[in-house]
Amino acid sequence: MKDLMGKAIWDFYHNENPEDLQNETSISELDELPVKYLFRNFDGMNAIEQKALQLAKGKTLDIGAGAGSHALYLQNEKNLDVTALDISPKSIEVCRLRGIKKAVAENMLHFSGETFDTILLLMNGTGIFQSLHVIDIYLKKLHSLLNPNGQILIDSTDILYMFDEDEDGGVYIPAEGYYGELDYIVHYKEESEDPIKWLYLDFNTLKNAAENNDFKIEKVLQQEDSYLAKLTKK
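As the structure is a computational prediction, the values presented were derived from the model and not from experiment.

### A closer look at the UniProt feature "domain: Methyltransferase type" (unreviewed entry) in the protein chain
- UniProt tags residues 61-154 as "domain: Methyltransferase type" (unreviewed entry).
- Secondary structure over residues 61-154 splits into 31% helix and 29% strand, and the C-alpha atoms at its two ends are 12 Å apart.

### Some details on helix H4 (residues 89-97)
- Along H4, the positions that sit buried rather than exposed are Ser-91, Ile-92, Val-94 and Cys-95. Buried residues of H4, viewed axially, fall in a sector of 155 degrees; they line one side.
- Contact partners of the buried residues in H4: helix H1 (4-14), strand S4 (82-86) and strand S5 (102-105).
- Downstream of H4 by one or two residues, Gly-99 has phi in the positive range, about 110 degrees.

### With respect to the pattern of salt bridges
- Applying the stated rule across the entire model yields 8 salt bridges.
- Among the salt bridges present, the one from Asp-183 reaches Lys-197, with a minimum N-O distance of 2.8 Å. Linking Asp-183 in strand S8 (residues 181-188) with Lys-197 in strand S10 (residues 196-199), this pair joins segments that are 14 residues apart in sequence.
- Take Lys-197: its relative accessible area is 47%, and that puts it in the partly exposed class.

### Some remarks on the pairing of strand S7 (residues 146-157)
- Counting buried positions along S7 yields 10 of 12 residues, so the element is predominantly enclosed.
- Two strands pair when backbone bridges link them, and strand S6 (residues 116-121) and S7 are joined in this way by 5 bridges, in the parallel orientation. In the sheet register, Ile-119 faces S7, and the bridge partner there is Ile-152.
- Viewed along the sheet, the connection from S6 through helix H5 (residues 135-145) into S7 turns out right-handed.
- With 6 bridges joining them, S7 and strand S12 (residues 226-233) adopt antiparallel strand pairing. When the bridges of S12 are listed, Leu-153 appears paired with Lys-230.

### A look at the environment of Val-82
- Tracing the sequence through the fold places Val-82 in strand S4.
- Along the primary structure Val-82 and Ile-119 are separated by 37 residues, whereas in three dimensions their C-alpha atoms are 9.7 Å apart.
- Not counting residues up to four positions away in its chain, the partners in contact with Val-82 are Thr-60, Ala-71, Leu-74, Gln-75 and Lys-102.

What counts, and where the lines are drawn
Residues numbered from 1 in each chain as written. Predicted model: local features only at pLDDT ≥ 70, side-chain atom pairs only at ≥ 80, totals over all residues. Heavy atoms only, no water. UniProt positions renumbered as here; feature names shortened; annotations may be inferred. Helix = DSSP H or I, 4+ residues; strand = E, 2+ residues; numbered from the N terminus. Buried < 20%, exposed > 50% of the residue type's maximum accessible area, 1.4 Å probe, protein only. Arc of directions from axis to C-beta. Contact = heavy atoms within 4.5 Å. Salt bridge = Lys/Arg side-chain N within 4 Å of Asp/Glu carboxyl O. Pairing = 2+ DSSP bridges. Right-handed = clockwise from strand over helix to strand, strands pointing away.

Have a look at this one:
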């Protein structure tokens, strides 16, 4: 991993000629993500993010923390004990520089030793699951990190709208696999990461997977094709 996301976050924080990130998927064209967006405050977040932060309580783990904006809000505005976790070393360095007291650069599957009252996975949090073939591995890991009365707050988007419809309203989707399983590529300053697997889940598919792994699940908020879900232990 070249850690291009981390490089962009680092460059922006240190004002070292930052450029916008570019990303693309196996079903979408090149799109730009302004790095500044990753440093937004609470007012700059969407309704799903705001709702998740409002619901967060107790000892909290922010998985996929990025530049740390969610963790920083919970630590500074809600006085929660927060750990920011991200696979990107440079992103975690910036989290620390921004004042986050607990920040860890590690894959969530290798993270252990603590349990939490709230676990956050935001900005298409289901993406980290990669594919339906390995989703059980991630859900079992999350189950082990969660306190008995804890909650997981996770968001995603049903991307069925991205596929073409026929005259009768049917949708043309790939015959192989689940339509939300995509290849995702990040570009920054003329460098490109290797493609990674990224998973968008409709709510019913997430519900089935969660229930098969000893979770109860409820939809907390729907915003167009995106939603926020809460998982608790059965």
